[in-house]
Amino acid sequence: MQPYRVKSISEFHQLRGLPMTGHPLISVVQFNTIKELPVFEPKTLVPDFYLIALKQGFAKGVKIKYGQQDYDFDAGVLSFMAPGQVFGMEMDEQTMREMMAMKDANGWMLMVHPDFLWNTPLAKKMRQYAFFDYGVNEALFLSDKEENTLVHIVNNIEQEIIANIDTFSHNITISMLEALLNYSERFYQRQFLTRRRSSHQLLTQLDNLLEVYFKEQRGLPTVSYVATQLHVSADYLSGLLKALTGLSTQQHIHEKLIEEAKVQLSTTTLSVSEIAYQLGFEYPQSFSKLFKAKTNLSPLAFRQSFN
């Protein structure tokens with residue numbers, strides 16, 4: 001089936017069988033207030049608004065379709081979606097029955113239409129929050145303290161849009177939304193540092209991937225290619241590497257490329273031009289410029305240091 005585009009938050013409420021929202025451009029849904037999750041069609045949606053969700057206590061066995069990949073629903077805690085991203089859900093019959101009963105479901109879903117951000121600094125700043133490009137398997141795992149912080153903000157947003165729609169309400173809600181996003185960014189940076197074991201495993205996988213690539217293929221690998229091979233998004237990979245090493249994915253690719261170039265220069269008789277072409281450079285001058293920038297030596301000077 002073709003994904004169904006949901007153009008408004010009100011339309012989403014209708015599709016999900018939710019009570020109508022008090023504000024057409026922003027809505028908070030508390031999962032524990034939903035008595036039953038209706039069986040609906042279509043199962044694949046493309047919302048035209050931002051969606052942030054804190055999910056806890058849902059039945060296992062639910063698969064989320066995000067873009068072209070499947071992820072376990074119980075793998076994430078806090079997840080983010082930007083307008084235009086494909087989202088769907090798949091489950092077996094037993095899981096469907098459990099989901100319809102909404103057993104032990106906790107958390108919330110915050111929906112914000114881009115029009116709500118119009119003519120505010122946050123409209124442009126939204127593009128700076130890279131986690132809106134993350135996949136569901138790259139969700140933010142919160143500590144109890146972090147969770148309480150975000151729950152408090154979302155509860156305040158909910159109260160503001162329900163009870164206080166006046167001349168001050170919009171600016172106050174925008175401020176709270178920005179606080180929510182800034183805290184999320186802080187917590188992501190914490191996660192990059194505290195989940196070092198899995199992060200270092202990803203670093204090892206990256207090094208192995210690039211080593212094999214430069215041995216078996218010609219041309220420079222793109223950041224998108226590397227991220228796809230590691231089953232993470234490009235933004236997530238770059239953010240993680242920046243937090244751990246201070247280098248972006250592109251810089252890691254260049255570092256590995258220089259390592260391979262050093263091996264070629266010191267162990268073969270290939271000319272600098274041949275090595276440059278083999279490593280994927282269209283122009284040898286570009287290779288020489290990058291090599292010198294990274295090593296303070298030209299390729300020839302480096303080779304001569306081994307003679």
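Provided above is the structure to which this section pertains.
Draft legend 1. Region of the structure containing the pairing of strand 2 (residues 26-30). Within strand 2, five of the five residues are buried, which leaves the element mostly enclosed by the surrounding structure. Of the two faces of strand 2, the one lined by I26, V28 and Q30 and the one lined by S27 and V29 are each fully buried.

Draft legend 2. Quick peek at the nonpolar core. Counting residues in each nonpolar core, the largest one holds 65 residues, and the members touching the most others are I52, L78, L110, L117, F132, L181 and F287. Top element by residues in this core is helix 5 (residues 169-194). It accounts for eight residues. L117 has contacts with Y50, V112, L122, A123, M126, I174 and L177, leaving out every residue within four places of it along the chain. Counting residues in each nonpolar core, the second largest holds 14 residues, with I9, L18, L51 and M81 among its members.

Draft legend 3. Representation of the side chain of K256 in the model. Tracing the chain through its elements places K256 in helix 9 (residues 249-267). Residue class for K256 comes out buried when judged on its relative accessible area of 14%. Sequence-distant contacts of K256, defined by excluding residues within four places in its chain, comprise D207, L210, E211 and F214.

Draft legend 4. Region of the structure containing the pattern of salt bridges. Under the criterion given, the structure shown has five salt bridges. Across the pair K125 and E178 runs a salt bridge, and its minimum N-O distance is 3.0 Å. With a gap of 53 residues between them, K125 in helix 3 (residues 121-125) and E178 in helix 5 connect regions that are remote in the sequence. Residue class for K125 comes out partly exposed when judged on its relative accessible area of 23%. Of the charged contacts, one joins K256 and E259 as a salt bridge, the two residues approaching to 3.5 Å between their closest N and O atoms. Remark: E259 and K256 occur in helix 9; sequence separation between them is three residues, near one turn of the helix.

Draft legend 5. Quick look at helix 5. The first and last C-alpha atoms of helix 5 sit 37 Å apart over 26 residues, in line with the 38 Å expected at 1.5 Å per residue. Every buried residue of helix 5 is listed here: S169, T173, I174, M176, L177, L180, L181, S184, F187, Y188, Q191 and F192.

Draft legend 6. Representation of the packing of aromatic side chains. Scanning the model with the defined rule gives 14 aromatic pairs in all. Arranged with centres 5.6 Å apart and planes meeting at 80°, the rings of F80 and F132 form a pair that is edge-to-face. Of this pair, F80 sits in strand 7 (residues 78-81) while F132 sits in the loop between helix 3 and helix 4 (144-163), placing them 52 residues apart in sequence. The two residues F80 and F132 agree in class, both being buried. Aromatic ring contacts, followed pair by pair, group Y50, F80, Y129, F131, F132 and Y188 into a single cluster.

Draft legend 7. Main features of the packing of helix 5 against helix 8 (residues 234-245). Packing of helix 5 against helix 8 brings their axes to within 9 Å, and their N-to-C directions diverge by 65°. On the basis of the axis angle, helix 5 is roughly perpendicular to helix 8. For the pair helix 5 and helix 8, the sense of crossing is right-handed. In this structure, helix 5 contributes Y188, Q189, Q191, F192 and L193 to the contact, and helix 8 contributes Y236, G239, L240, A243 and L244.

Draft legend 8. Focus on unusual backbone geometry. With phi around 60°, H231 is a residue other than glycine that occupies positive phi space. With respect to the helices and strands, H231 occurs in the loop between helix 7 (223-229) and helix 8. The phi angle at N296 is positive, at roughly 65°, despite the residue not being glycine.

Draft legend 9. Looking closely at the packing of helix 8 against helix 9. Where helix 8 contacts helix 9, the axes come no closer than 8 Å and their chain directions differ by 70°. Judged on the interaxial angle alone, helix 9 and helix 8 are roughly perpendicular. Across the interface between the two elements, L237, S238, L241, K242 and T245 of helix 8 pack against T249, Q251 and H252 of helix 9. Its residues assigned to classes, the contact of helix 8 with helix 9 comprises two nonpolar, five polar and one charged.

Draft legend 10. A look at the side chain of S169. By secondary structure assignment, the location of S169 is in helix 5. A polar contact of 3.4 Å, which involves the side chain of S169, links it to the side chain of E160.

The rules we used
- The numbering scheme is per chain: residues are counted from 1 as the chain's sequence reads.
- Note on the predicted model: pLDDT of at least 70 is required for a residue's local features to be given, and 80 or more for side-chain atom pairs to be given and counted; whole-chain, interface and lining totals, by contrast, use all residues.
- With hydrogens and water stripped out, all remaining heavy atoms of the structure feed into the side-chain values.
- For the exposure calls, accessible area comes from a 1.4 Å probe over protein chains only, and a residue counts as buried if that area is under 20% of its type's maximum, exposed if over 50%, partly exposed in between.
- A helix here means a DSSP run of H or I that spans at least four residues, while a strand means a run of E at least two residues long, and both kinds are numbered starting from the N terminus.
- For this analysis, a nonpolar core means a set of buried residues of the types Ala, Val, Leu, Ile, Met, Phe, Trp, Tyr and Cys, connected via side-chain atoms within 4.5 Å.
- For this analysis, residues touch if any pair of their heavy atoms sits within 4.5 Å.
- One speaks of a salt bridge when a side-chain nitrogen belonging to Lys or Arg is within 4 Å of a carboxyl oxygen belonging to Asp or Glu.
- Multiplying 1.5 Å by the helix residue count minus one yields the expected span of that helix.
- Pairing of aromatic rings covers Phe, Tyr and Trp, the last counted by its six-membered ring, and requires centre-to-centre distances within 6.5 Å; plane angles under 30 degrees mean stacked, over 60 mean edge-to-face, and any other angle means tilted.
- Helix axes are fitted to C-alpha atoms over the stretch in contact, other axes to C-alpha atoms as well, and angles between N-to-C directions run from 0 to 180 degrees.
- Relative orientations are named as follows: roughly parallel for angles under 35 degrees, roughly antiparallel for angles over 145 degrees, roughly perpendicular for angles from 65 to 115 degrees, and oblique for any other angle.
- Should the near helix be turned anticlockwise from the far one by less than a right angle, the crossing is termed left-handed; should it be turned clockwise, right-handed.
- Note that Gly is not counted as nonpolar here; it falls among the polar residues with everything else outside the nonpolar set of Ala, Val, Leu, Ile, Met, Phe, Trp, Tyr, Cys and Pro and the charged set of Asp, Glu, Lys and Arg.
- We define a polar contact as two N or O atoms separated by no more than 3.5 Å, with the added condition that, inside protein, one atom must be a possible hydrogen donor and the other a possible acceptor, whereas residues neighbouring each other in sequence contribute only through side-chain atom pairs.

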